[in-house]
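Spelled out, the chains give:
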Amino acid sequence: IVNGKVYQVLFLEPGTYTYTVTIFATNYTGTRGTSDQAYFVVAEGETLPDVADVETAEETLVYDRVDSANDNTRILSFTISEPTKVAIGGETTNEEGVGRFLQVESFKLVKQ
């Protein structure tokens, strides 16, 4: 999968939100460089930025790079000051021939 994205677009009111994702299992590691990445992302607009741009894209509100060495519960918090369309979800890109997996147990978005 190259630059694969799974997301939903939501219209959110101003406030602080928490996007919590619980990972059941994954074999992604943060040491594989830029050709083998997975992220959970919240971005302004109607789509997520491309995987290569997640960490620097102006529209990215918050992100977390998936790494099997990290805690399986990932908490991403962000604040918006006006009604805003956001894309929220996950994305990945893999080296050719590398078998990667990411099993998500649950996810939720809560306004604080």
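Anything mentioned here points back to the structure above.
These numbers were taken from a predicted model, which means no experiment stands behind them. Position numbers for residues start from 1 in each chain and track the written sequence from start to end. Whole-chain, interface and lining totals are the exception, using all residues; otherwise, since this is a predicted model, local features are given only for residues with pLDDT of at least 70 and side-chain atom pairs are given and counted only at 80 or more. In computing side-chain properties, one takes all heavy atoms of the structure into account and sets aside hydrogens as well as water.

Asks: Teacher, can you tell me more about the sheet that holds strand β2 (residues 15–26) here?
Replies: Sheet strands pair by backbone hydrogen bonding; their relative direction is either parallel or antiparallel. Any two strands with at least two DSSP bridges between them are considered paired. Secondary structure counts use DSSP, requiring at least four H or I residues in a row for a helix and at least two E residues in a row for a strand, with both numbered from the N terminus. With respect to topology, three strands assemble into an open sheet ordered β5-β2-β7, the strand pairing being antiparallel. Because the sheet does not close on itself, it has two edges, and the strands there are β5 (73–80) and β7 (102–111). This sheet shows a mean twist of 15 degrees between the axes of neighbouring strands, independent of strand direction. Relative to β5, β2 is paired through eight bridges, and the arrangement is antiparallel. In the strand pairing of β5, valine 21 is matched with arginine 74. Axes here refer to lines fitted to C-alpha atoms; in helices the fit is confined to the stretch in contact. Angles between the N-to-C directions go from 0 to 180 degrees.

Asks: How should the side chain of threonine 92 be read in this particular structure?
Replies: Locating threonine 92 in the fold gives a position in strand β6 (residues 84–93). The classification of residues rests on relative accessible area computed with a 1.4 Å probe and restricted to protein chains. Under 20% of the type maximum is buried, over 50% is exposed, and intermediate values are partly exposed. Overall, threonine 92 belongs to the buried group, its relative accessible area being 13%. Side chain to side chain, threonine 92 and asparagine 94 meet in a polar contact 3.4 Å long. Any pair of residues with heavy atoms lying within 4.5 Å of one another is described as a contacting pair. If we skip the residues at most four places from it in the chain, threonine 92 touches Ile1, Val2, Asn3, Gly4, Tyr28, Gln37, Ala38 and Val51. We call two N or O atoms a polar contact when they sit within 3.5 Å, provided that within protein one can donate a hydrogen and the other can accept it, with sequence-adjacent residues counted only if both atoms are side-chain atoms.

Asks: Please clarify how the packing of aromatic side chains should be interpreted in this entry.
Replies: Note on aromatic pairs: each is described by the distance of the centres and the angle between the planes. For Phe, Tyr and Trp, where Trp contributes only its six-membered ring, two rings pair if their centres lie within 6.5 Å, and the inter-plane angle classes them as stacked under 30 degrees, edge-to-face over 60, or tilted in between. All chains considered together, the criterion is met by two aromatic pairs. Considering the side-chain rings of tyrosine 17 and phenylalanine 78, the 5.5 Å spacing of their centres and the 15 degrees angle between planes classify their relative orientation as stacked. Here the residue tyrosine 17 occupies a position in strand β2, and phenylalanine 78 occupies one in strand β5, the gap between them amounting to 61 residues. Given a relative accessible area of 4%, phenylalanine 78 falls into the buried group.

Asks: Which parts of the structure should I look at to understand the nonpolar core?
Replies: One recurring pattern in soluble globular proteins is that nonpolar side chains are buried together. Each nonpolar core is a collection of buried residues, namely Ala, Val, Leu, Ile, Met, Phe, Trp, Tyr and Cys, held together in the definition by side-chain atoms within 4.5 Å. Within the largest apolar cluster, 16 residues are counted, with the highest numbers of intra-cluster contacts made by Leu12, Tyr19, Phe40, Val42, Val66 and Phe78. When residues of this core are assigned to their parent elements, the largest contribution, four residues, is made by β2. Dropping the residues within four chain positions of it, leucine 12 is found in contact with Tyr17, Phe78, Ile80, Glu82, Pro83, Thr84, Val86 and Leu109.

Asks: Any chance you could explain the sheet that holds β6 here in plain terms?
Replies: With respect to topology, four strands assemble into an open sheet ordered β1-β6-β3-β4, the strand pairing being antiparallel. With partners counted over all chains shown, the strands left at the sheet margins are β1 (4–12) and β4 (60–65), one partner each. Direction aside, neighbouring strands of the sheet carry axes that sit 15 degrees apart on average. Here β1 pairs with β6 via nine bridges, running antiparallel. Across the sheet, the residue bridging to tyrosine 7 is glycine 89, located in β6.

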